[in-house]
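Structural description and commentary
One-letter residues, chain by chain:
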Amino acid sequence: MPAELSAEQAVDAARVLLDEALRSGARRVLGIAGAPGSGKSSLTALLAEQLPVGSCAVVPMDGFHLADVALTRLGRSGRKGAPDTFDAAGYVALLQRLRTAMPQDPPVWAPMFQRDLEQPLAGAIEVAADVPLVITEGNYLLCEDGPWAQVRGMLDARWFVEAPEELRHQWLIERHERFGKSPAAAREWALGPDEDNARLIAGTRDRADVVVQLS
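Scoring rules and cut-offs
Each chain has its residues counted from 1, running along the sequence as written. Restriction of local features to residues with pLDDT of at least 70 applies here, the model being predicted, together with a cutoff of 80 or more for giving and counting side-chain atom pairs; totals for whole chains, interfaces and linings are based on all residues. Water and hydrogen atoms were dropped before computing side-chain values, which therefore reflect all heavy atoms in the structure. Here, a strand pair is defined by DSSP locating no fewer than two bridges between the strands. Helix and strand definitions here come from DSSP, where helices need a minimum of 4 consecutive H or I residues and strands a minimum of 2 consecutive E residues; each element is numbered from the N-terminal end. Only the stretch in contact is used when a helix axis is fitted, and all axes are lines through C-alpha atoms; the angle between N-to-C directions ranges over 0 to 180 degrees. In what follows, residue pairs with any heavy atoms lying within 4.5 Å of each other are defined as contacts. Exposed residues in this analysis have more than 50% of their type's maximum accessible area, buried residues have under 20%, and partly exposed residues fall in between, with area computed by a 1.4 Å probe over protein chains only. Expected helix span is given by 1.5 Å per residue-to-residue step, counting one fewer step than there are residues. When we speak of the arc, we mean the arc of directions from the helix axis to the C-beta atoms.

1. Examining the sheet that holds strand E1 (residues 3-6)
Reading across the sheet, the six strands line up as E1-E8-E7-E2-E6-E3 and stay open at both edges, with parallel pairing between neighbours. Here the strands that pair on one side only, and so sit at the sheet edges, are E1 and strand E3 (56-58). Averaged over all pairs of adjacent strands, the angle between strand axes in this sheet comes to 25 degrees, irrespective of strand direction. Contacts between helix H2 (residues 40-50) and the sheet are confined to strand E2 (28-34), E3, strand E6 (133-138), strand E7 (157-162) and strand E8 (210-213), with E2 contributing the most and set at about 150 degrees to the helix.

2. Comments concerning the environment of Ala129
Mapped onto the secondary structure, Ala129 falls in the loop between strand E5 (119-127) and E6. Exposure remark for Ala129: the relative accessible area of 12% places this residue in the buried category. Considering only alpha carbons, one finds Ala129 and Val108, 21 residues apart in sequence, at a separation of 7.2 Å. If we ignore the near neighbours within four places in the chain, the residues touching Ala129 are Arg27, Met102, Pro103, Asp105 and Pro106.

3. Notes on helix H1 (residues 7-24)
Given a rise of 1.5 Å per residue, 18 residues ought to cover 26 Å, and the 26 Å separating the end C-alpha atoms of H1 matches this to within 8%. Restricting attention to buried positions, one finds in H1 the residues Ala7, Ala10, Val11, Ala14, Leu17, Leu18 and Ala21. Around the axis of H1, the buried residues are gathered within 120 degrees of arc, so they sit on the same side. Those residues of H1 that are exposed and angled more than 90 degrees off the buried face are Glu8 and Arg23. Those residues of H1 hidden inside the fold are in contact with E1, E2, H2, E6, E7 and E8. Taken from the residues just after H1, Gly25 is the one with a positive phi, measuring 75 degrees.

The quantities given are spatial measurements derived from coordinates; they are silent on function.
Rendered as structure tokens:
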């Protein structure tokens, strides 16, 4: 079973991982998984804030969302956020580049997901080759299906974020409202497609090394 940590203990654990990278001279990749609204991005932001400036880069999985035009063509718009609405193979390829980058290499440019547009943006995140720690976060880092199955083996540390369900739903609904959904539509999406995905993600919890409890 995974060990359980608080957010404060997670910061200490990230510092240990960074120290390992600096001592060895080899980059470390920390993966943070969890259900929609569980606090992955908040935890990642906390780690980036607490670690020394320039010591880590944050590369979210969400940059590999398929664009709406592609989802419409594939008939998957109503399931946006499900595993097959991402370019999983592209994400795996990026992780491989990040793992094998040498200090003399040019930077790797990663995509990001622009929430106010609800669309991915290519080439938005610069990861310098000498950055010792990369933090990547997303829903499906511990999944075992298709290209997602390759992700776990590319991570040096695998964390899973949890929050009480009522609080997670509240955070998720508030986020949907903040980025343009009406209160009714936000609740419908959070308790519909998002919840379907959350149940799938919950089944990957035991593949993590650590579970971080947020509240």
